[in-house]
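Architecture at a glance
What follows is the residue order along each chain.
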Amino acid sequence: MQTSLYPWQAELWQTLAGRSEQAHAYLLHGPEGSGKRVLAERFAAFLLCKSPLQQQSCGQCSACHLYAADTHPDLLRLEPAEEGKGILIASVRELVAKILQTSQQGGRKVVIVEPAEAMTTGSANALLKSLEEPAGSTVFLLISHQFSFLLPTIKSRCVLQVCPLPSIAHGVEWLQQQAELSEEQCRTLLALASGSPLNAQKLLSADVLTIREQVVMGVKQLFKQQSSPSELAVAWAKIPQELLFDWFCQWAQLILRYKMTEDDSQLGLDDMSVVLKHVAPRAPLDVLTETQDWLLEHREKVLRRVPLRADLLLEALLIRWQTLLPR
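Report on the accompanying structure. (Residues numbered from 1 in each chain as written. Predicted model: local features only at pLDDT ≥ 70, side-chain atom pairs only at ≥ 80, totals over all residues. Heavy atoms only, no water.)

**A closer look at the nonpolar core**
Quick note on the threshold: The set of buried Ala, Val, Leu, Ile, Met, Phe, Trp, Tyr and Cys residues whose side-chain atoms join them within 4.5 Å is what this entry labels a nonpolar core. Note on classification: 1.4 Å probe, protein chains only; a residue is buried when its accessible area is under 20% of the maximum for its type, exposed when over 50%, partly exposed between these limits. Here, two residues are considered to be in contact whenever any of their heavy atoms come within 4.5 Å of each other.
If you look at the biggest cluster of nonpolar residues, it comprises 56 residues, and the most contacted ones within it are Val215, Val219, Trp236, Phe248, Trp251, Leu295 and Trp321. In contact with Trp236, not counting residues within four places along its chain, are Gln214, Val215, Gly218, Val219, Leu244, Phe248, Leu314 and Leu318.

**Topic: the environment of Asp311**
To be explicit about the condition: The way it works is that DSSP assigns letters per residue, a run of H or I at least four long becomes a helix, a run of E at least two long becomes a strand, and they are numbered from the N terminus.
With respect to the element layout, Asp311 can be found in helix H15 (residues 310-322). Sequence-wise, Asp311 and Cys61 are 250 residues apart; in three dimensions their C-alpha atoms are separated by 55 Å.

**Concerning helix H12 (residues 241-261)**
Selection rule: In this analysis, the expected span of each helix is defined as 1.5 Å times one less than the number of residues it contains.
With 21 residues, H12 extends 30 Å between its outermost C-alpha atoms, agreeing within 8% with the 30 Å of an ideal straight helix rising 1.5 Å per residue. Among the residues trailing H12, Glu262 stands out with phi positive, at a value near 55°.

**Quick word on the layout of surface pockets**
Worth spelling out the cut-off: A 1.4 Å probe that fits into a set of points on a 1 Å grid over the protein atoms alone but cannot get out defines a cavity; an open set with protein on both sides within 12 Å along at least five of seven lines defines a pocket, and lining residues are those with an atom within 4 Å of a point. Grid points are joined across faces, edges and corners, and a volume is the space filled by probe spheres set on the points. Lys, Arg, Asp and Glu make up the charged group, whereas Ala, Val, Leu, Ile, Met, Phe, Trp, Tyr, Cys and Pro make up the nonpolar group; the residues left over, Gly among them, are polar.
Put simply, the second largest pocket is a space of about 240 Å³. What lines the second largest pocket is simply Glu184, Gln185, Thr188, Leu192, Leu209, Arg212, Leu269, Asp270 and Asp271. Every element with two or more residues in the lining of the second largest pocket is listed here: helix H8 (183-192), helix H10 (208-223) and helix H13 (270-279). Among the elements that line the lining of the second largest pocket, the one with the most residues is H8, at 4 residues. In terms of residue class, the lining of the second largest pocket is built from 3 nonpolar, 2 polar and 4 charged.

**Describing the packing of aromatic side chains**
Formally: Classification of ring pairs uses Phe, Tyr and Trp, with its six-membered ring standing for Trp, and accepts pairs whose centres are within 6.5 Å; under 30 degrees between planes counts as stacked, over 60 as edge-to-face, and the remaining range as tilted. Here, a charge over a ring means that NZ of Lys or CZ of Arg falls within 6 Å of the ring centre while also lying within 35 degrees of the ring normal.
Within this structure, the stated rule accounts for 12 aromatic pairs. Ring geometry for Tyr6 and Trp8: centres 5.0 Å apart, planes at 5°, overall stacked. With 6.4 Å between their ring centres and 15° between their planes, Phe43 and Phe46 make a pair best called stacked. With Phe43 and Phe46 both in helix H2 (residues 36-48) and 3 residues apart, this pair spans about one turn of that helix. Here Phe43 falls in the buried class, since its relative accessible area comes to 0%. Taking the relative accessible area as the measure of exposure, Phe46 reaches 11% and is therefore buried. These aromatic residues form a ring-pair network of at least three members: Trp13, Tyr26, Phe43 and Phe46. Lying over the aromatic face of Phe147, Lys155 brings its terminal NZ or CZ to 4.2 Å of the ring centre. Between Arg304 and the ring centre of Phe149, over which it is positioned, the NZ or CZ distance is 3.9 Å.

As C-alpha cells, this is what we get:
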C-alpha cells in the first residue's frame, strides 16, 4: 500500500493537519484516483499518534508502531464485505458497538469508511447518530468517489474536503517517474483516465491502450456496416463495462458539442476525432440527445453494479449508436 502522500496532496495535507482543532467527521470527496485513501490513511496515523511533530506522525510512539503493523486497536474500518457490494446495516451496528467501547490506547478512535456511497439508505441512517455525536474522541474519515450518491444527512454532518486531481503537467511528470513513457503516451493515458495519474497507471497495467484501439476499430466497422451490434457485443464481452460507458458517454458529449460549436479543438483524442466530426452534422439532434440520456442513465446503473445482462446491454448500446448515422 502507498505509504507517502502524493506530490499534489501537499496543500490538502496542510489544510487537514494544520487545523487548530480537529472535527469529529470529515468527508474526503473527489474523482476516483485522486489519492483519497492514501490521504485518509496518513491523516488517521496523524490523529492516532501520541507525539505528532510538525504536522506529521512521529513514527516512533507505540501508536505509530501499531499503525505501521496494521494492528492499531483504535483504527476501525467500515467497507463492503465484497468489492462492488453495499455496506450492510449489520456492519454499521457492529462498528457502532466498537465505537461505544473505551479507547484501548487512551486516545482517539479513528473510523475510515470507504466508499461512503456504498452505504445503503438503511446503513447510512444507522450511522447518523454516531456520526453526529461520536462517543469519546472518535473521528470519522469518510471517503467518497461519487459525492452525488450520498444522502444529504451524511454530508451535513461532516467537514467537506474536496480532493482534486493534479494538473496535467504534474500528472505527466508523476507518470514518467513511475514508468518509461513518452509525454504523448502519458497525456493519452491521462485523457483516458479523466486526468487521474493513479487510474492512468492502472490503465497502463491493464493494457487499455490496446483495448482502446480494438473499440475504436469496432466503432468504425459498425458505421461502415462491416460489423453488427451483436458481433461487437460478443467481441467486447471481456472489456470492463465502466470503460466502455465512459468512452461512449464522452463521445456523445463531444459530438453534441461539435454539432453546436463546430470547434475542431474540442473533439477529444485523435483516434476518434475524424469519426466524431463526420457523425456530428449527420446525427439527428433528438436521436443524439436521447442516446446521450440513455448512456448516462445506464452508466449510472453500471457504476452502481445493478445486475444487467452484459451482452444485451452492449448490443442495445451499439444499436443506439448506429442510429446516429442514418442511412
